[in-house]
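# Structure at a glance
Single-letter residue listing:
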Amino acid sequence: MNLSKRVLNMQESPVRKLVPYALKAKKNGKKVYHLNIGQPDIETPKEFMEAINNYDTRIIQYSYSQGEPSLIEAIKDYYHRDNIYFDNEDILITNGGSEALTFTTIATCNPGDEILIPEPFYTNYNGFTSEVNVNLVPITTKAEDGFRLPKRKEITKLITKKTKAILFSNPGNPTGVVLTKNEMDMLKEIAIENDLFIISDEVYRKMAFDGLKSYSMAELDGISDRLIVIDSVSKRFSACGARIGSIASKNKELTKNILKLCQARLCVATLEQIGAASLYKLPESYSEEIKNTYEKRRDIVYQTLSDIPNVVCKKPQGAFYVVAKLPVENAEDFCVWLLETYNYNGETIMLAPAEGFYGTKGLGKDEVRIAYVLNEEEMKRAMFILREALNVYNQ
Ligand SMILES: Cc1ncc(COP(=O)(O)O)c(C=O)c1O
């Protein structure tokens, strides 16, 4: 018996593949600071559990395939507060942003079609596309340039007859880039000229620092028929395990057809949707507080990285990640060494080698992604350990 080529060709998660080394390190008594995964340490707002506890039902029934009406209403209002007008039928609730991205890929692409995407990119975009035989075509961006998008012609030359969409996360995982209005306009124009869908992954929306505004693509005119906005409660509300995400689009043909995918998996967990509705009702001050917390952590990480000789990295502007080029030949070997061999007074750190965030072979070999998801004290300690470890490694 042979397994499918589709599953055999899927990439292992670069964020999780070093987990066995981390487990072994912990078994051997080392403390490991996890900077490898985007799992925030911030408490999920208490409103989430309160809403579930107050949910008065004797049977946990299937929810609607489109989603719980109260959650759809809450998401509609959340966009409405920013003058973004989706109707209830434009919104579909999914099992996390992950399922939203899988459904969107299935609905917009045939096997063999292509999606353009700035690299480095959220590594699971590989999975969402390769599992349905869609090819990612990377638009390369570089650490030296702060991972800004290249000029328009560098992007358009990648477009073929098979290109169906442009996909990007904004603010960016893993780069921390917040797209400017001009960059967004450029993507919009490219999409219109080449008749492409725009898949705007906004799961880190509102997490933009230094007073920057992170615009939603939905604030731009003239693209409502081709725009698909992805959202999730995982990051902004620190509720990764709730597995609640959404698709919002004004393209009725698209939402009508994605609803068939929703129906084929029946529904999303009812109780978590009830909890998530309360999160979308939180006041703007909640987002502000979260953003300030990550901004302070960003400063700690960036300051340390800037002080380490031969590290290349520009200041990230949003989300809670940074990709840094390290003075090592092979970042994965370094990450394994950190877990297997190194310790500073019994402590070490776990990073994500960045190679798996690139679609172009050979790129990112000397880069790591750092997720600043620990409190300030721990972040300082972890970055101190990184600095010491690089010293020892390069001796
Ligand atoms: C850019 C981006 N999009 C989507 C997701 C998927 O998130 P979830 O499925 O937890 O909503 C993640 C998770 O890390 C992400 O970083």
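What comes next is a walk through the structure. For every chain, the first residue of the written sequence is number 1, and numbering continues from 1 along that sequence. Reporting in this predicted model follows two pLDDT cut-offs: at least 70 for local features of residues, and 80 or more for side-chain atom pairs to be given and counted; totals over whole chains, interfaces and linings ignore these cut-offs and use all residues. Side-chain numbers come from the whole structure's heavy atoms, not from hydrogens or water.

### Thoughts on the site of the ligand
Near is defined per residue: the residue qualifies when any heavy atom it owns lies within 4 Å of the molecule or strand. Not every one of the 15 residues close to the ligand is listed here, only the nearest: G97, S98, D201, S232 and S234. S98 places a polar side-chain atom, nitrogen or oxygen, 2.5 Å from an oxygen atom of the ligand. Polar contact criterion, stated in full: a pair of N or O atoms within 3.5 Å, where within protein one must be able to donate a hydrogen and the other to accept it, and residues adjacent in sequence count only if both atoms are side-chain atoms. Contact distances for the ligand include 2.7 Å between an oxygen atom and a side-chain N or O atom of N173. Relative to its unbound accessible area of 400 Å², the ligand is 94% covered by the protein chains. For the shell around the ligand, the element with the highest residue contribution is helix α5 (residues 96-108), accounting for four residues. Gly is placed with the polar residues, together with every amino acid not listed as nonpolar (Ala, Val, Leu, Ile, Met, Phe, Trp, Tyr, Cys and Pro) or charged (Asp, Glu, Lys and Arg). A breakdown of the residues in the shell around the ligand according to their chemical character gives five nonpolar, seven polar and three charged. Surface accessibility in these figures is a Shrake-Rupley result with a 1.4 Å probe; residues are shielded only by whichever protein chains are displayed. The helix and strand labels rest on DSSP assignments: H or I over at least four residues marks a helix, E over at least two residues marks a strand, and numbering proceeds from the N terminus.

### Considerations on the packing of aromatic side chains
In summary, the pairing rule links any two rings of Phe, Tyr or Trp, Trp by its six-membered ring, whose centres are within 6.5 Å, and it sorts them by plane angle into stacked for under 30 degrees, edge-to-face for over 60 and tilted for everything else. For the structure on display, the rule yields 18 aromatic pairs. Residues Y204 and F320 carry aromatic rings whose centres are separated by 5.4 Å and whose planes lie at 90 degrees to one another, so their mutual orientation is edge-to-face. With Y204 in the loop between β6 (197-201) and β7 (227-232) and F320 in the loop between α11 (284-307) and β9 (321-325), this residue pair connects regions lying 116 residues apart in the sequence. A residue is classified by how much of its surface remains accessible, and Y204, at 3% relative accessible area, is buried. A centroid spacing of 5.1 Å and a plane angle of 85 degrees characterise the contact between Y344 and F384, whose relative ring orientation is edge-to-face. Of the two residues, Y344 is situated in the loop between α12 (331-340) and β10 (347-350) and F384 in helix α13 (residues 376-393); the sequence distance between them amounts to 40 residues. Here F384 falls in the partly exposed class, since its relative accessible area comes to 31%. Directly above the ring of Y215 sits K181, whose terminal nitrogen or CZ lies 6.0 Å from the centroid. Remark: exposure states derive from per-residue accessible area (1.4 Å probe, protein chains only) relative to the maximum for the residue type, with buried under 20%, exposed over 50%, and partly exposed in between. Charge-over-ring placement is defined geometrically: NZ (Lys) or CZ (Arg) within 6 Å of the ring centre, and within 35 degrees of the ring normal.

### Let's talk about the packing of α12 against α13
Each axis is a line fitted through C-alpha atoms, taken for helices only over the stretch in contact, and angles between the N-to-C directions span 0 to 180 degrees. Direction vectors running N to C along α12 and α13 enclose 110 degrees, while the axes themselves pass 11 Å from each other. In terms of orientation, α12 and α13 fall into the roughly perpendicular class. Counted together, D333, F334, W337 and L338 of α12 and L386, A389, L390, V392 and Y393 of α13 form the full contact between these two elements. Grouping the constituent residues of the contact of α12 with α13 by class yields eight nonpolar, no polar and one charged. Any angle that falls under 35 degrees is termed roughly parallel, while one over 145 is termed roughly antiparallel, one within 65 to 115 roughly perpendicular, and all others oblique. What makes two residues a contact is simply this: any of their non-hydrogen atoms within 4.5 Å.

### A closer look at the sheet that holds strand β11 (residues 352-353)
Strand pairing in a sheet relies on backbone hydrogen bonds, with the paired strands running either antiparallel or parallel. Ordered by their spatial adjacency, three strands build an open sheet running β9-β12-β11, and the pairing between neighbours is antiparallel. The open sheet terminates on both sides in strands that have one partner only, identified here as β9 and β11. Criterion used throughout: strands pair if DSSP finds at least two bridges between them.

### Brief notes about the sheet that holds β6
Strand order in the open sheet formed by seven strands is β2-β8-β7-β6-β5-β3-β4, with mixed pairing between adjacent strands. Single-partner strands in this sheet number two, and they are β2 (91-95) and β4 (135-140). Each strand of the sheet is rotated relative to its neighbour by a mean of 25 degrees, with strand direction disregarded. The pairing of β7 with strand β8 (residues 244-248) spans four bridges and is classified as antiparallel.

### Quick word on the packing of α5 against helix α9 (residues 252-264)
Here α5 crosses α9 at 120 degrees, and the two axes come no closer than 10 Å. Classed by the angle they form, the pair α5 and α9 counts as oblique. As for the relative orientation of α5 and α9, their crossing is right-handed in sense. In contact with F103, T104, I106, A107 and T108 of α5, α9 contributes L254, I258, L261 and C262. Of the residues contributing to the contact of α5 with α9, the split by class is seven nonpolar, two polar and no charged. A crossing counts as left-handed when the near helix is turned anticlockwise from the far one by less than a right angle, and as right-handed when that turn is clockwise.

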